[in-house]
Amino acid sequence: MNTEMKVEKATFNTNFTVLKVETSGSPKFFDITDQVTELLDASKINNGLVCVFSQHTTTAVVIQEDEPLLMTDLSSFIERLAPKDAHYRHNDFNVRTVHMHEDECPNGHSHCQNLVLGTSESIPIVQGKMILGQWQRIFVIELDADKANQISHRNIAVQIMGI
């Protein structure tokens, strides 16, 4: 899509929101596309970028198709990438001494899965709409069921930038 614009003066705007996404289970996909679309509509930004970012190292953000059999395939793939029952030195609380909490979960697998999946996605905005493909949706993927059970939500930062 080639859009030509003549701009004499434009104001660059940003909008920032943290979505509180309730999660459970792992790996489990949570579609946040409609919430991000509502934020974009309220922002009045016509051209720019939406950045969706997980503020957690055991929760990923991806763009993917929302098809039930594919969701099952993807969950199985994620589990095979870094199985929960494999050995992770991060989970050895007798040796590990940094970044520990009283309610620490053995979640080395979740961090390894997140390394491959990533924590953010950037989506172009053209004429006030995210230009996602026909089947594309924005997902938060919970990778640490134990942590999800301890807390009420995951923080997903959404920054909308443009003119």
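Let us look at the structure shown here. Since this is a predicted model, take the numbers as computed values, not measurements.

Thresholds, definitions, all that
Residues numbered from 1 in each chain as written. Predicted model: local features only at pLDDT ≥ 70, side-chain atom pairs only at ≥ 80, totals over all residues. Heavy atoms only, no water. Patch = residues over 30% accessible without salt bridge, like charges linked within 9 Å, V, L, I, M, F, W, Y side chains within 5 Å. Areas by Shrake-Rupley, 256 points an atom, 1.4 Å probe, with all protein chains shown as cover. Salt bridge = Lys/Arg side-chain N within 4 Å of Asp/Glu carboxyl O. Helix = DSSP H or I, 4+ residues; strand = E, 2+ residues; numbered from the N terminus. Buried < 20%, exposed > 50% of the residue type's maximum accessible area, 1.4 Å probe, protein only. Pairing = 2+ DSSP bridges. Arc of directions from axis to C-beta. 1 Å grid on protein atoms, 1.4 Å probe; cavity = no way out; pocket = protein on both sides within 12 Å on 5 of 7 lines; lining within 4 Å. Points joined across faces, edges and corners; volume = space filled by probe spheres on them. Nonpolar A, V, L, I, M, F, W, Y, C, P; charged D, E, K, R; others polar. Expected span 1.5 Å × (residues − 1). Contact = heavy atoms within 4.5 Å. Polar contact = N/O pair within 3.5 Å; in protein donor to acceptor, adjacent residues only side chain to side chain. Core = buried A, V, L, I, M, F, W, Y, C linked by side-chain atoms within 4.5 Å.

What follows concerns a nonpolar patch on the surface. Side chains of Phe77, Leu81, Leu115 and Val116 sit close together on the surface and give an oily, nonpolar patch of about 400 Å² of accessible area. Of all the secondary-structure elements, those providing two or more residues to the nonpolar patch are helix H2 (68–81) and helix H3 (108–117). Residue class for Leu81 comes out partly exposed when judged on its relative accessible area of 35%.

For the rest of this paragraph, the subject is the sheet that holds strand S8 (residues 154–162). Ordered in space as S1-S8-S3-S5-S6, the five strands form an open sheet in which the pairing is antiparallel. Strands with a single pairing partner mark the edges of an open sheet, and in this sheet they are strand S1 (13–21) and strand S6 (129–130). Relative to S8, S1 runs antiparallel, the two being bridged by nine bridges. Bridge pairing in S8 places Thr14 opposite Met161.

This next bit is on helix H1 (residues 33–43). Inspection of H1 places Thr33, Val36, Leu40 and Ser43 among the buried residues, and these make up the whole buried set. Projected down its long axis, H1 carries its buried residues within an arc of 85 degrees, all on one side. Relative to its buried face, H1 has exposed residues pointing more than 90 degrees away, namely Glu38 and Ala42. Following H1 by one or two positions, Lys44 has its phi on the positive side, about 65 degrees.

It is worth spelling out the pairing of strand S7 (residues 136–142) at this point. For S7, a buried count of five out of seven residues is recorded, marking the element as mostly surrounded by other parts of the structure. Sheet topology places strand S2 (residues 28–31) next to S7; four bridges connect them, and they run antiparallel. In the sheet register, Asp31 faces S7, and the bridge partner there is Phe139. Relative to S7, strand S4 (residues 59–65) runs antiparallel, the two sharing seven bridges. From the neighbouring strand, Val62 faces S7, where its bridge partner is Phe139.

Glancing now at the layout of surface pockets. Each pocket or cavity is described by its volume, and for the largest pocket that value is around 250 Å³. Lining the largest pocket are 14 residues; nearest its centre among them are Thr57, His101, Glu104, Asn107 and His111. Among the residues making up the lining of the largest pocket, the classes are represented as one nonpolar, eight polar and five charged.

With 14 residues, H2 extends 20 Å between its outermost C-alpha atoms, agreeing within 8% with the 20 Å of an ideal straight helix rising 1.5 Å per residue. Buried residues of H2: Met71, Leu74, Ser75 and Ile78, and no others. All buried residues of H2 project into a common sector of 100 degrees when viewed along the axis, lining one side. Exposed side of H2, more than 90 degrees from the buried face: Leu69 and Arg80 are the residues found there. Buried residues in H2 make contact with S2, S4, H3 and S7. Between the side-chain oxygen of the N-cap and the backbone nitrogen of Leu69 there are 3.1 Å, and the N-cap of H2 in question is Glu67.

Our focus in this paragraph is the nonpolar core. Core analysis: the biggest nonpolar cluster contains 19 residues, and Ile32, Val36, Val50, Val52, Met130, Ile138 and Ile156 have the highest contact counts within it. Counting only elements with at least two residues in this core, the list comes to S1, H1, strand S3 (48–54), strand S5 (120–126), S7 and S8. For this core, the leading source of residues is S8, giving three residues. Beyond its immediate chain neighbours, meaning those up to four positions away, Val50 contacts Val36, Glu121, Ser122, Ile123, Ile125, Met130, Val158, Gln159 and Ile160. Among the nonpolar cores identified, the runner-up in size contains nine residues, and Ala60, Leu74, Ile78 and Ile141 belong to it.

Keep in mind these numbers describe shape, not what the thing actually does.
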